Amino acid sequence: MRKFLVVLDESRECLNAMRFAAMRAAHTGGGVEVLAVIPPEEFNHWIGVGDIMREEARERIQVHYEVFAKWMRDKQGVEPELVIREGVPVTEIMAQVHDDPEIGVLVLGAGTDKKGPGPLVTQLSKNSGSLPIPITIVPGDLSKERLEAIT
């Protein structure tokens, strides 16, 4: 089964990337793998404090993921899977793509502010020539109706 890999983070554009991945998976008989990356700088504390912070980050990710997962199940009939990695986001995304041969497309949401499309889109598009799969970049301000029409 071909899976759409989508990154779960705190950005606004994450919503459209999730929608796009779920709709494409539903229309093509694929799956959705949701990747959340916990950056290493969050845990540069004493070991005990770092462990507590790591567990709290995982709990926040799980709660955030469940919102998207419920929508995917209820509205699109897709059962997503969650993968949590720790490290530098771009490095961990690349590692996940290489570690899971069922991933067929990386879906990223592009930011709409003056800073540009966002750090993940910027960095991963620079590396796109070395990826074994295509990247789909979903505009952050694309309407839900337009997303439905193009998926």
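Placed above this text is the structure.
Small disclaimer: the values here were computed from a predicted structure and weren't measured. (Residues numbered from 1 in each chain as written. Predicted model: local features only at pLDDT ≥ 70, side-chain atom pairs only at ≥ 80, totals over all residues. Heavy atoms only, no water.)

Draft legend 1. Region of interest: the pattern of salt bridges. As enumerated under the stated definition, the model contains eleven salt bridges in all. Across the salt bridge formed by Lys3 and Glu102, the nearest N and O atoms sit 3.6 Å from each other. Placement of Lys3 in strand S1 (residues 3–7) and of Glu102 in the loop between helix H3 (89–99) and strand S4 (103–110) is noted, with a sequence separation of 99 residues between them. One network of salt bridges, in which partners are shared, links Lys3, Glu33, Glu81, Asp100 and Glu102. (Salt bridge = Lys/Arg side-chain N within 4 Å of Asp/Glu carboxyl O. Helix = DSSP H or I, 4+ residues; strand = E, 2+ residues; numbered from the N terminus.)

Draft legend 2. Geometry of the packing of H3 against helix H4 (residues 119–126). Remark: H3 packs on H4, axes separated minimally by 10 Å, with the N-to-C direction vectors making an angle of 55°. One way to sum up the angle between H3 and H4 is to call them oblique. Between H3 and H4 lies a crossing whose hand is right-handed. Contact residues: H3 offers Pro89, Val90, Ile93 and Met94, while H4 offers Leu120, Gln123 and Leu124. Considering only residue class, the contact of H3 with H4 consists of six nonpolar, one polar and no charged. (Axes fitted to C-alpha atoms, helices over the stretch in contact; angles between N-to-C directions. Parallel < 35°, antiparallel > 145°, perpendicular 65-115°, else oblique. Left-handed = near helix turned anticlockwise from the far one by under 90°. Contact = heavy atoms within 4.5 Å. Nonpolar A, V, L, I, M, F, W, Y, C, P; charged D, E, K, R; others polar.)

Draft legend 3. Expanded view of the nonpolar core. Val6, Leu8, Met18, Val32, Val34, Met72 and Val107 are the most contacted members of the largest nonpolar core, which totals 26 residues. Contributing elements (two or more residues each) for this core: S1, helix H1 (14–28), strand S2 (31–38), helix H2 (47–76) and S4. In terms of residue count, the dominant contributor to this core is H1 (eight residues). Ignoring any residue separated from it by four or fewer positions in sequence, one finds Met18 in contact with Val6, Val7, Leu8, Val34, Phe68, Trp71 and Met72. In this structure, Leu5, Leu108, Leu124 and Ile133 belong to the second largest nonpolar core, which totals 17 residues. (Core = buried A, V, L, I, M, F, W, Y, C linked by side-chain atoms within 4.5 Å. Buried < 20%, exposed > 50% of the residue type's maximum accessible area, 1.4 Å probe, protein only.)

Remember that the coordinates give geometry; whether it matters functionally is a separate question.
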